[in-house]
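# Summary of the model geometry
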Amino acid sequence: MVVESMPYITVGKENSGDIDLYYEDHGTGDPIVLIHGWPLSGASWEKQIQILIDAGYRVITYDRRGFGNSDKPLFGYDYTTFVEDLHSLVNRLGLQDMVLVGFSMGGGEVARYIGMYGSERVKKAVFISAIPPFLLKTADNPDGVDSSVFEGLRQGVIADRPAFLSQFLSNFYNVDVLGGKLISDQAIQLSWDVASLASPKGTLDCISAWLTDFRKDLAHIDVPTLIVHGDSDRICPLPVTGERTHEAVKESKLVVVEDGPHGLNWTHAEQLNRALLDFLGPSTGT
């Protein structure tokens, strides 16, 4: 009996073993690549995947190295490597005229992918609760977040990663306001379960990756672009991220979700899905 294996792509090696990324490829039509946020996996797109497939799209999700079902090497947690991993998947699947959709730190991959490889194979771009343009407060970025905040996050992960993840997810979903209404205890637990199984090293190193400056990357975006952001995002505050990305990308469209937390792809899935479908329009592929 032949047992079908899960779909993986090899993107490198660590000592004697391959570094394999897990991906899923469903549906037919125009391809959409969904890039998840930290510290979750491609499974976090649960409330978007079937909606997009039903609308006639081919939906590809993958787990970033160190997260979900992908391998967990001790290196490579920087945006150059993340985008090289993404490009390997794009080449493996032969994607053309694709839509890149990035949630949270996944928005960094969208920006850096176009910055590194251009938009020849990209038809549209979407940023959801995303970290660009540049989170860190510097002399030429005075509206950013002080470096001490990120060092506090790093120390929290080092001291007690499981406890830190619980607190982080509480702010991720604004549980004190939306818990029991727009998100259940079980859904929060599911996110914690996924996050807890991620690479401890990758979980820590990604915090440093968040400080990447994407301003030059955004300047290269020359495709229709949608930005969806909640006005109650505690992780990536709208004025620091979504609004500034909207200003940086010419003719981009900004949709602000009222009372939306960072994890609005779950809590406000209906509003997000409507914005996505309105922006994407009908699929033209077969």
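Everything here concerns the structure above.
Presented here is an overview of the structure given in this document.

Quick notes on the rules
Residues numbered from 1 in each chain as written. Predicted model: local features only at pLDDT ≥ 70, side-chain atom pairs only at ≥ 80, totals over all residues. Heavy atoms only, no water. Helix = DSSP H or I, 4+ residues; strand = E, 2+ residues; numbered from the N terminus. Rg over C-alpha atoms; globule rule 2.2 N^0.38 Å. Buried < 20%, exposed > 50% of the residue type's maximum accessible area, 1.4 Å probe, protein only. Areas by Shrake-Rupley, 256 points an atom, 1.4 Å probe, with all protein chains shown as cover. Lys, Arg positive; Asp, Glu negative; His and termini not counted. Charge placed at Lys NZ, Arg CZ, Asp CG, Glu CD. Pairing = 2+ DSSP bridges. Salt bridge = Lys/Arg side-chain N within 4 Å of Asp/Glu carboxyl O. Axes fitted to C-alpha atoms, helices over the stretch in contact; angles between N-to-C directions. Contact = heavy atoms within 4.5 Å.

### Considering the overall build of the protein chain
The helix and strand tally for the protein chain stands at 11 helices and 8 strands. For 286 residues, the compact-globule estimate of 2.2 N^0.38 gives 19 Å, and the C-alpha radius of gyration of the protein chain, at 18 Å, lies within 12% of that figure. On the principal axes, the C-alpha backbone points of the protein chain span a range of 50 × 45 × 40 Å. For the protein chain, with 286 residues in total, the buried portion stands at 53%. Here the protein chain has roughly 12400 Å² of accessible surface; of this, 51% comes from carbon and sulfur atoms. When the 23 positive and 38 negative side-chain charges of the protein chain are each reduced to one mean point, those points stand 2 Å apart.

### Side note on the pairing of strand β5 (residues 98–103)
Extensive coverage of β5 is indicated by the burial of 6 of its 6 residues. In the sheet, strand β3 (residues 31–35) pairs with β5 via 4 bridges, with the strands oriented parallel. Directly across from Ile 35, in β5, lies its bridge partner Gly 102. Pairing between β5 and strand β6 (residues 122–128): 6 bridges, direction parallel. Within β6, the position partnered with Leu 100 by the bridge is Ala 125.

### A few points about the pattern of salt bridges
Considering all chains together, one arrives at 12 salt bridges under this definition. The shortest N-O distance in the salt bridge between Arg 58 and Asp 25 comes to 2.7 Å. Here Asp 25 lies in strand β2 (residues 17–26) and Arg 58 lies in strand β4 (residues 58–62), a separation of 33 residues in the sequence. In this structure Asp 25 comes out as partly exposed when scored by relative accessible area, which is 31%. With a closest N to O distance of 2.6 Å, Lys 201 and Asp 205 form a salt bridge.

### Re the sheet that holds strand β7 (residues 225–230)
Read across the open sheet, the 8 strands follow the order β1-β2-β4-β3-β5-β6-β7-β8; overall the sheet is mixed. If you trace the sheet from one side to the other, it starts and ends with β1 (8–14) and β8 (253–257), each paired once. Adjacent strand axes in the sheet meet at a mean angle of 20 degrees when their direction is disregarded. As judged from the 5 bridges shared by β7 and β8, these two strands associate in the parallel manner. Counterpart to Ile 227 in the pairing with β8 is Leu 254. Strand contacts of helix α3 (residues 106–117): β3, β4, β5 and β6, with the helix running at about 140 degrees to β5, the strand carrying the most contacts.

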